[in-house]
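Read off the chains here:
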Amino acid sequence: MRSTRGVIWHDGRFQDWHAARTHVMNHTLNYGIGVIEGLRAYPGDRGSAIFRLRDHTRRLFESAQILGIDVPYGFDELMAAQRDALAASGLDAAYVRVTLYCGVDALGLHADDGHPDSDDAQHPAAADDKDDWPQDAAGGLRAHCVIAVWHMGPYFGARALDAGIRVRVSSYSRHHVNSTLCRAKATGNYLNSMLAYREATRDGYDEALMLDHTGFVMEGSGENVFLVRDGVLYTPELTAALDGITRRSIITLAREDGMQVIEKPITRDEVYIADEAFFTGTAAEVTPIREVDGRSIGSGTRGPITERLQAHFFDAAHGRLDAHGDWLSPVR
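Residues numbered from 1 in each chain as written. Predicted model: local features only at pLDDT ≥ 70, side-chain atom pairs only at ≥ 80, totals over all residues. Heavy atoms only, no water.

The name an unreviewed UniProt entry assigns to the protein chain is Branched-chain-amino-acid aminotransferase, from the organism Thiohalocapsa halophila.

1. Observations regarding the environment of R183
Short version of the rule: Numbering of helices and strands starts at the N terminus; helices are DSSP runs of H or I of at least 4 residues and strands are runs of E of at least 2. For this analysis, residues touch if any pair of their heavy atoms sits within 4.5 Å. As used in this structure description, the phrase polar contact means that two N or O atoms lie within 3.5 Å; if the pair is within protein, one of them must be able to donate a hydrogen and the other to accept it, and residues adjacent in sequence are counted only when both atoms belong to side chains.
Within the fold, R183 resides in the loop between β8 (165-169) and α6 (190-202). Excluding its chain neighbours within four sequence positions, the residues that come into contact with R183 are S63, I66, L242 and D243. A distance of 3.3 Å separates the side chain of R183 from the side chain of D243, its partner in a polar contact.

2. Topic: the environment of G103
Put simply, the rule is: Exposed residues in this analysis have more than 50% of their type's maximum accessible area, buried residues have under 20%, and partly exposed residues fall in between, with area computed by a 1.4 Å probe over protein chains only.
Tracing the backbone shows G103 in the loop between β6 (94-102) and α4 (126-129). Taking relative accessible area as the criterion, G103 reaches 7% and is therefore assigned buried. In sequence terms G103 and T28 are 75 residues apart; their C-alpha atoms lie 7.3 Å from each other.

3. Topic: helix α2 (residues 53-67)
Working note: α-helix, 3.6 residues per turn, so residues spaced by three or four point in the same direction. The line we're drawing: In a helix, the anticipated span is given by 1.5 Å times the number of residues less one. Each C-beta atom gives one direction from the helix axis, and the arc is the one those directions make.
Look at α2: 21 Å from first C-alpha to last across 15 residues, which is about the 21 Å you get at 1.5 Å a residue. Among the residues of α2, L53, H56, T57, R59, L60, S63, A64 and L67 are the ones counted as buried. All buried residues of α2 project into a common sector of 155 degrees when viewed along the axis, lining one side. Away from its buried face by more than 90 degrees, α2 exposes R58 and Q65. Immediately beyond the C-terminal end of α2, within one or two residues, lies G68, with a positive phi of roughly 75 degrees.

4. A closer look at unusual backbone geometry
When glycine is set aside, most residues are seen to have a negative phi, and most peptide bonds are trans. With phi around 50 degrees, D11 is a residue other than glycine that occupies positive phi space. As for its position among the elements, D11 is in the loop between β1 (7-10) and β2 (13-16). Classification of D11 as buried rests on a relative accessible area of 14%.

5. Let's talk about the confidence of the model for the protein chain
For clarity, the threshold we go by: Each residue gets a pLDDT score, which is the predictor's confidence in that residue and runs from 0 to 100.
Averaged over every residue, the pLDDT of the protein chain is 89; residues scoring 70 or more account for 88%. Of the regions scoring below 50 in pLDDT, residues 113-138 engages in 44 contacts with residues more than four places distant in sequence or in other chains.

6. Thoughts on the pairing of β6
The line we're drawing: DSSP calls a pair of strands paired once it identifies at least 2 bridges connecting them.
The element β6 is extensively covered by neighbouring structure, given that eight of its nine residues are classed as buried. Taken together, the eight bridges between strand β3 (residues 34-42) and β6 define a ladder with antiparallel strand orientation. Opposite L39, over in β6, you have V96 as the bridge partner. Alignment of β6 against strand β7 (residues 141-150), held across eight bridges, turns out to be antiparallel. In the strand pairing of β7, Y95 is matched with W150.

7. A word on the pattern of salt bridges
Basically, it comes down to this: Definition used for salt bridges: Asp or Glu carboxyl oxygen within 4 Å of a side-chain nitrogen of Lys or Arg.
Counted by the stated rule, this structure contains 18 salt bridges. Here E199 ties to R168 by a salt bridge, and the two come within 3.9 Å at their closest N and O atoms. In this pair, E199 is assigned in helix α6 and R168 in strand β8, connecting sequence segments 31 residues apart. The pair formed by E199 and R168 is uniform in burial state, with each residue classed as buried. For E263, the salt bridge identified is with R247, shortest N-O distance 2.7 Å. Taken as a pair, E263 in strand β13 (residues 261-263) and R247 in helix α7 (residues 245-256) lie far apart in primary sequence, 16 residues in all. By relative accessible area, which is 36% here, E263 ends up partly exposed. Each of R168, E199, R202 and D203 takes part in one network of salt bridges that share partners.

8. Description of the packing of α7 against helix α9 (residues 304-317)
Counted only if it meets this: For every element, the axis is a line fit to its C-alpha atoms; helices are fit only across the contacting stretch, and the angle between N-to-C directions ranges from 0 to 180 degrees. For classification purposes, angles smaller than 35 degrees are called roughly parallel, those larger than 145 roughly antiparallel, those between 65 and 115 roughly perpendicular, and all remaining angles oblique. Take the far helix as the reference: if the near one is turned anticlockwise from it by less than a right angle, the crossing is left-handed, and if turned clockwise, right-handed. Ten residues, namely Ala, Val, Leu, Ile, Met, Phe, Trp, Tyr, Cys and Pro, are considered nonpolar, four, namely Asp, Glu, Lys and Arg, are considered charged, and the remaining ones, Gly among them, are considered polar.
For the pair α7 and α9, interaxial distance at closest approach is 10 Å and the crossing angle is 110 degrees. The orientation of α7 relative to α9 falls into the category roughly perpendicular. Note that α7 runs across α9; the crossing there is right-handed. Where α7 approaches α9, its residues T246, I250, L253 and A254 are matched on the opposing element by L309, H312 and F313. Each residue belonging to the contact of α7 with α9 can be placed in one class, and the counts come to five nonpolar, two polar and no charged.

9. Points about the packing of aromatic side chains
Threshold: For Phe, Tyr and Trp, rings pair up if their centres lie within 6.5 Å, where Trp contributes its six-membered ring, and each pair is then called stacked (planes under 30 degrees apart), edge-to-face (over 60) or tilted (otherwise). To sit over a ring, a charge needs its Lys NZ or Arg CZ within 6 Å of the ring centre and within 35 degrees of the ring normal.
According to the stated counting rule, one finds ten aromatic pairs in the structure shown. When the ring of F51 is compared with that of F313, the centres are 5.4 Å apart and the planes differ by 75 degrees; the resulting orientation is edge-to-face. Of the two residues, F51 is situated in strand β4 (residues 49-51) and F313 in helix α9; the sequence distance between them amounts to 262 residues. Classification of F51 by relative accessible area gives buried; the value is 4%. Here the aromatic cluster, defined as three or more aromatic residues joined through ring pairs, consists of Y42, F51, F313, F314 and W327. The ring of Y205 has R166 sitting right over it, with the charged end atom 4.5 Å from the ring centre. Lying across the ring of Y272, R295 places its NZ or CZ 4.0 Å from the centre.

Laid out in structure tokens, this is it:
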């Protein structure tokens, strides 16, 4: 996965995709503490634009706040950097990945004890990268920032947007709400997702559906989930599920379309008898679910409400809805 022109924005500098580097002993690689955002850019009549850039950037800062990571850039500065990275890629339709990761100034669970005046002899590798470190703020983990851009088509393939995907309930539970601070879009949280996804695909499914520790439906490995029953749209409450930007968009669009939207605990058997079901996410966009655990959902293909909401979403993403022009941030 790389951009057409092979560039990455790394701490304020553009680098060739293959030349971008960080030290192998960086703290995030060793301990998994970092935060990420994934955004999409879509072409439109007025050129390429990033979908809900401000909301994604706000969530990045909120994730960093939750985990005690100091963001070395201002809000507007990082918004501009994402637009610059997309422009440098030369892509009109693209995926933008922003990562805040911690460096090599200290290793150990108490990494916030490492500051610029710490003894480099303790971690000799630190001296190699010090010139590239942004100034840190006192009291938190120092962060580097990487913005990478690459072309991404439909996450599950173009056919899945019409035909839907096959899903299995995972044997892995979603995080407890007080285990890994699920509201943060943290790098380490995705180990849980990867285990579930690999299990599902190994068994011939397209994606996993994860339950929380009490057995209620929570989300996919990287998506929020919605059900339709008797014309009403249901989605799990946000406890162990991520507060998805696409999820927010679909709730807004559904209510504007006159639909009732209910956030509530959802049981596994409610999924089996749903009229329709679909996943939402930056990568997944709006992907119908046609089967769960060998049981067809509704007619076994994309339902009419899913199709309508999917159309509304793509209209908004491509700038065809005047009501939501503020969701788009033009690249140039």
